[in-house]
Amino acid sequence: MTPLLEIKNVRCDYQDTTAVVDASFSLNQGARACLLGPSGCGKTTLLRAIAGFVPVSSGEIYIDGQLVSSPDVMVAPEHRQLGMVFQDHALFPHMTVGDNVAAGISSLANKARRALVMTTLDRVGLAGKIHHYPHELSGGQQQRVALARALAPRPKLLLMDEPFSSLDVELRERLSLQVRELVENTGTTCIMVTHDQKDAFSFGQELGVMGEGKIVQWDSTYEVYHEPNSMFVADFIGQGVYLDGKVIDDHTVKTELGELKGKVPLGCRSGCPVKVLVRPDDVVHDDESTLTARIVSREFHGSNYMYTLELESGTKILSMVHSHHRHAMGEQLGIELELDHLVVFKDLDAQARMQAQA
Ligand code: ATP
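Here the structure is a predicted model, which is why all the values come from computation and not from measurement.

(A) Inspection of the overall build of the protein chain at higher detail. Looking only at helices and strands, the protein chain features 9 helices and 21 strands. C-alpha extents for the protein chain along the principal axes are approximately 75 × 50 × 40 Å. Across the 358 residues that make up the protein chain, the buried fraction comes to 47%. Sequence separation of at least 24 residues holds for 64% of the intrachain contacts in the protein chain that already meet a minimum separation of 6. Of the accessible surface of the protein chain, which amounts to about 17,900 Å², a share of 48% is contributed by carbon and sulfur atoms. With 33 positive and 46 negative side-chain charges, the protein chain shows a spacing of 6 Å between the two charge centroids.

(B) A look at helix 1 (residues 43-51). In terms of burial, helix 1 is a largely internal element, 7 of the 9 residues being buried. For helix 1, the full list of buried residues reads Lys43, Thr45, Leu46, Leu47, Ala49, Ile50 and Ala51. Count one or two residues on from helix 1 and you reach Gly52, which has phi positive near 95°.

(C) How the structure looks around the pairing of strand 3 (residues 32-36). In terms of burial, strand 3 is a largely internal element, 5 of the 5 residues being buried. Burial of the side chains of strand 3 extends over both faces: Arg32, Cys34 and Leu36 are buried on one face and Ala33 and Leu35 on the other. Where strand 3 and strand 9 (residues 189-194) come together, 5 bridges link them in parallel fashion. What sits directly across from Leu36, in strand 9, is Thr194. Judged from the 4 bridges that link them, strand 3 and strand 10 (residues 206-211) form a sheet pairing that is parallel. Bridge pairing in strand 10 places Cys34 opposite Leu207.

(D) Representation of the packing of aromatic side chains in the model. One pass over the full model with this rule turns up 6 aromatic pairs. On the basis of an interplanar angle of 85° and a centroid distance of 5.9 Å, the ring pair of Phe201 and Tyr225 is categorised as edge-to-face. Taken together, the residues Phe201 in helix 6 (residues 197-203) and Tyr225 in helix 7 (residues 221-226) connect sequence positions 24 residues apart. Residue classification places Phe201 among the partly exposed residues on the basis of a relative accessible area of 29%. When the ring of Tyr242 is compared with that of Phe345, the centres are 6.3 Å apart and the planes differ by 70°; the resulting orientation is edge-to-face. In this pair, Tyr242 is assigned in strand 12 (residues 241-249) and Phe345 in strand 21 (residues 344-346), connecting sequence segments 103 residues apart.

(E) Geometry of the site of the ligand. In the vicinity of the ligand, the contacting residues are Tyr14, Thr17, Ala19, Pro38, Ser39, Gly40, Cys41, Gly42, Lys43, Thr44 and Thr45. Between the ligand and Ser39 there is a distance of 2.6 Å, counted from an oxygen atom to a side-chain nitrogen or oxygen. Here the ligand, which alone exposes 630 Å², has 59% of that area covered by the protein. Considering every element that reaches the shell around the ligand, the biggest residue donor is helix 1, with 3 residues.

(F) Structural detail: the side chain of Arg80. Here Arg80 lies in the loop between strand 6 (73-74) and strand 7 (82-86). Nearest to the buried, unbridged Arg80 among oppositely charged side chains is Glu78, at 8.0 Å. At a separation of 3.3 Å, a polar atom in the side chain of Arg80 contacts the main-chain carbonyl oxygen of Ala49. Among all residues touching Arg80, those that are not within four sequence positions of it are Ala49, Ile50, Ala51, Gly52, Ile63, Val68, Ser69, Met74 and Val75.

(G) The sheet that holds strand 5 (residues 66-70), seen in detail. Read from one edge to the other, the open sheet built from 5 strands follows the order 2-1-4-5-6, with strand pairing classed as antiparallel. The open sheet has two edge strands, strand 2 (18-27) and strand 6, and neither has a second partner. Strand direction decides the pairing type here: strand 4 (residues 58-63) and strand 5, joined by 3 bridges, are antiparallel. Paired with Ile63 across the two strands is Gln66, which belongs to strand 5.

Rules of the game
- Residues numbered from 1 in each chain as written.
- Predicted model: local features only at pLDDT ≥ 70, side-chain atom pairs only at ≥ 80, totals over all residues.
- Heavy atoms only, no water.
- Helix = DSSP H or I, 4+ residues; strand = E, 2+ residues; numbered from the N terminus.
- Buried < 20%, exposed > 50% of the residue type's maximum accessible area, 1.4 Å probe, protein only.
- Contact = heavy atoms within 4.5 Å.
- Areas by Shrake-Rupley, 256 points an atom, 1.4 Å probe, with all protein chains shown as cover.
- Lys, Arg positive; Asp, Glu negative; His and termini not counted.
- Charge placed at Lys NZ, Arg CZ, Asp CG, Glu CD.
- Pairing = 2+ DSSP bridges.
- Phe/Tyr/Trp six-rings, centres within 6.5 Å; stacked < 30°, edge-to-face > 60°.
- Near = heavy atom within 4 Å.
- Polar contact = N/O pair within 3.5 Å; in protein donor to acceptor, adjacent residues only side chain to side chain.
- Salt bridge = Lys/Arg side-chain N within 4 Å of Asp/Glu carboxyl O.

Written out as structure tokens, the structure is:
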């Protein structure tokens, strides 16, 4: 099957900055992907290159099998069959909601255009606002109009750049879910740029984590969270701490919380110092456990508490505990490690120290 979008070794340069380096990934029809990464890592540039607003210095971009960008080819944005939604809605302020949505489908005959405007506005729940002006709508409603305008021409690919970031938390969660349902129902392939991992997890099936212009990992959201391929990704995605460990054999690491079983990175021989990633959801509260740690801080998150626990060595770990279990500061909390699999990285600092001493 030809991927709907294929990015091959793309590089993008501005005058004195290389913003994207050797980016490659592909998306099948109907996929929902997010590009996530720290500020300035090149997410927007890559999205704009897909849209046809930024040229590529090397590499190729294909949409539905057609070459749309390479150093020698630059198909204009309006000929790429894309829909775009940006952070600031970018609606035409002097036009009604209906006319805003109609703007992208001006080639249709009047009757067909009116019908499509109505159907699309209905899909985003705003058919009743067709004669209103953007300033008469809330931020979330304006964003839904922007989405209707982008979807009306039935694009092959929907590109969204931080579409929810100007909205408050409750609204962004609601809208994110609505947009997800909408693109699912229409079978639209979609990429969203965000710096918010909650948005990325709730919206995406696939996740590309970028750092310094490179795609550091491209995987399912589950794999990026549970099987980060580097400390950069592990640190950027979700919370967690590293426990010092020593490799015993190919599938055992010794830590102060006992011997942990799992896959050890290649090239780590017995005795090799490593860092073991422990997420808050890996540390499970268990009153019966002989393993305890002292509560040194506690944050209420509604349905959960996030406890910071100090181990005997002074190392601190995080534990997410159901908020019905309320424990006092200073209390020794019984814990169990429930690691589905090990996430282990070489401890390069410790290795360098050992080599210097040898
Ligand atoms: P943010 O999350 O802050 O929006 P981003 O990951 O989307 O960041 P980009 O906007 O793609 O990052 O920027 C990548 C790099 O390219 C940055 O170093 C930025 O300063 C630079 N850059 C972006 N746009 C331009 C431009 N028009 N001219 C020159 N340099 C640019």
